[in-house]
Amino acid sequence: MDLPQIESVASPRSRDSLPPWRDDAAWLAGGTWLFSEPQPALRSLVDLSAMAWPDLEPSASGLRIAATCTIAALEAFRSPADWPAAGLFGQCANALLGSFKIWNMATVGGNVCLSLPAAPMLALTVALDGVAWLWQPDGGERFLPMADFTVGPQRNSLRPGELLRAIDLPASGLRRRAALRQASLTTLGRSAALLIATLDESGGFALTITASTIRPMHLAWDSPPSSDELDARIQALLAETWFDDVHGTPAWRRHMTRRLAAKLHQELLA
Ligand SMILES: Cc1cc2nc3c(=O)[nH]c(=O)nc-3n(C[C@H](O)[C@H](O)[C@H](O)COP(=O)(O)OP(=O)(O)OC[C@H]3O[C@@H](n4cnc5c(N)ncnc54)[C@H](O)[C@@H]3O)c2cc1C
């Protein structure tokens, strides 16, 4: 939709040319959410597409994903053979239920920064121990574990004027075995529960729960838990952790989370 109240759109090409931050501005990435509903508080957009950051930068230490990398580009990435967890890229892309038009415009950064409980790029980057690289409006920068990025539905740890530049996935995360399970109320519905489990070579096991919870929950063990231990950790999550909207009640999401976690446990530890 048109956003008729917008008075200015900046298209900086480098960090030096970013305009001074204003509270009625928003970073514009793919625009698939920004242009999907009225934005009465906004007067100004800062379009990130001219920054021309490389989408994906693999190295010995891992993979840097630019905030402006599209879901389609991430899905198309051909990973080294010793990064089995990169198989999650396509699965997480498919968990975003949009047409090819959305896939080709929506960015990893936009998905993460919108911080919906059903954001599959949050699930991916938390599960693989991603670290957010943030640019601060005073010219500084900081790094934040993705597990600490989101604080609630559409609420995150970004401070006013901060920009997500990229997310770094460490090679140690990409080398893990990984599996994903998803549940929705309807066949093409938004994720009501989206879980990723990973297992490393030394037996470290982790479960990341998203979509059914108000923010990603990352549960980790140094050695594989029994199925009862895993279930007990999920049952111990506070009642207010479970998300409630038209895509599923908290009780049903909790039930599905326990079922999907048991299946993931069986798949990775069988
Ligand atoms: C049909 C359809 C289906 C969808 N399905 C899903 C779904 O299943 N799950 C889901 O999570 N979302 C879904 N969405 C919502 C949205 O399209 C996606 O979350 C998408 O990934 C947002 O990315 P974008 O690049 O288009 O972000 P934009 O719309 O450009 O921006 C989204 C928000 O993030 C901020 N932002 C963007 N980039 C940065 C950055 N680098 N640093 C700081 N802030 C930034 C923007 O200011 C804005 O507030 C859907 C949308 C549609 C239209």
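Residues numbered from 1 in each chain as written. Predicted model: local features only at pLDDT ≥ 70, side-chain atom pairs only at ≥ 80, totals over all residues.

### So, the overall build of the chain
Line of reasoning, step 1. Helix and strand content of the chain: eight helices and 14 strands.
Line of reasoning, step 2. The dimensions of the chain, computed from C-alpha atoms along their principal axes, are 55 × 45 × 35 Å.
Line of reasoning, step 3. With 270 residues in all, the chain has 40% of them scored as buried.
Line of reasoning, step 4. Residue pairs in contact within the chain that sit at least 24 positions apart in sequence constitute 63% of those at least 6 positions apart. (Helix = DSSP H or I, 4+ residues; strand = E, 2+ residues; numbered from the N terminus. Buried ≥ 20, exposed ≤ 12 C-beta atoms within 10 Å, placed from the backbone. Contact = placed C-beta atoms within 7 Å.)

### Describing the site of the ligand
Line of reasoning, step 1. Neighbouring the ligand are 31 residues, the closest being Ala29, Gly30, Thr32, Gly110 and Asn111.
Line of reasoning, step 2. Secondary structure elements with two or more residues in the shell around the ligand: β2 (25–28), α3 (100–105), α4 (108–114) and β10 (163–170).
Line of reasoning, step 3. Here the residues of the shell around the ligand sort into 21 nonpolar, nine polar and one charged. (Near = placed C-beta within 6 Å. Nonpolar A, V, L, I, M, F, W, Y, C, P; charged D, E, K, R; others polar.)

### Structural notes on the sheet that holds β10
Line of reasoning, step 1. Strand order across the open sheet formed by five strands is β4-β5-β10-β6-β7, with antiparallel pairing between neighbours. The sheet is open, and its two edges are formed by β4 (56–59) and β7 (141–145), each paired on a single side. Recorded for the sheet is a direction-independent mean angle of 20° between the axes of neighbouring strands.
Line of reasoning, step 2. Pairing analysis gives five bridges linking strand β5 (residues 62–66) to β10, with the strands arranged antiparallel. Its bridge partner being in β10, Ala66 is matched across the sheet by Ala166. (Pairing = 2+ DSSP bridges. Axes fitted to C-alpha atoms, helices over the stretch in contact; angles between N-to-C directions.)

### Some points on unusual backbone geometry
Line of reasoning, step 1. One non-glycine residue, Ala52, lies in positive phi territory at about 55°.
Line of reasoning, step 2. Topologically, Ala52 is positioned in the loop between β3 (44–47) and β4.
Line of reasoning, step 3. Residue classification places Ala52 among the exposed residues on the basis of 10 C-beta atoms within 10 Å.
Line of reasoning, step 4. Even without glycine at this site, Asp129 takes up a positive phi of about 60°.
Line of reasoning, step 5. Residue position: Asp129 is located in the loop between α5 (120–127) and β6 (131–135).

### Some thoughts on the domain arrangement of the chain
Line of reasoning, step 1. Here the chain is partitioned into domain 1 (59–172) and domain 2 (175–269).
Line of reasoning, step 2. Using C-alpha coordinates to define each centre, domain 1 is positioned 19 Å away from domain 2.
Line of reasoning, step 3. Counting from both sides, the interface comprises 23 residues of domain 1 and, opposite them, 22 residues of domain 2.
Line of reasoning, step 4. Looking at the side of domain 1 that touches domain 2, the elements with two or more residues in it are α2 (87–95), α5, β8 (150–152) and α6 (171–174).
Line of reasoning, step 5. When residues in the side of domain 1 that touches domain 2 are grouped by element, the largest group, five residues, is from α5.
Line of reasoning, step 6. Of the residues contributing to the side of domain 1 that touches domain 2, the split by class is 17 nonpolar, five polar and one charged. (Domains from an automatic or database assignment.)

### A few points about the environment of Leu163
Line of reasoning, step 1. Counting through the fold element by element, Leu163 comes out in strand β10.
Line of reasoning, step 2. Here the alpha-carbon distance between Leu163 and Trp27, two residues 136 residues apart in the chain, equals 7.7 Å.
Line of reasoning, step 3. Residue contacts for Leu163: discarding those within four places in its chain leaves Trp27, Leu134 and Trp135.

### A look at the environment of Trp33
Line of reasoning, step 1. If you trace the backbone, Trp33 turns up in the loop between β2 and β3.
Line of reasoning, step 2. Under the C-beta neighbour-count criterion, Trp33 is labelled partly exposed, with 17 such atoms within 10 Å.
Line of reasoning, step 3. In sequence terms Trp33 and Ala132 are 99 residues apart; their C-alpha atoms lie 21 Å from each other.

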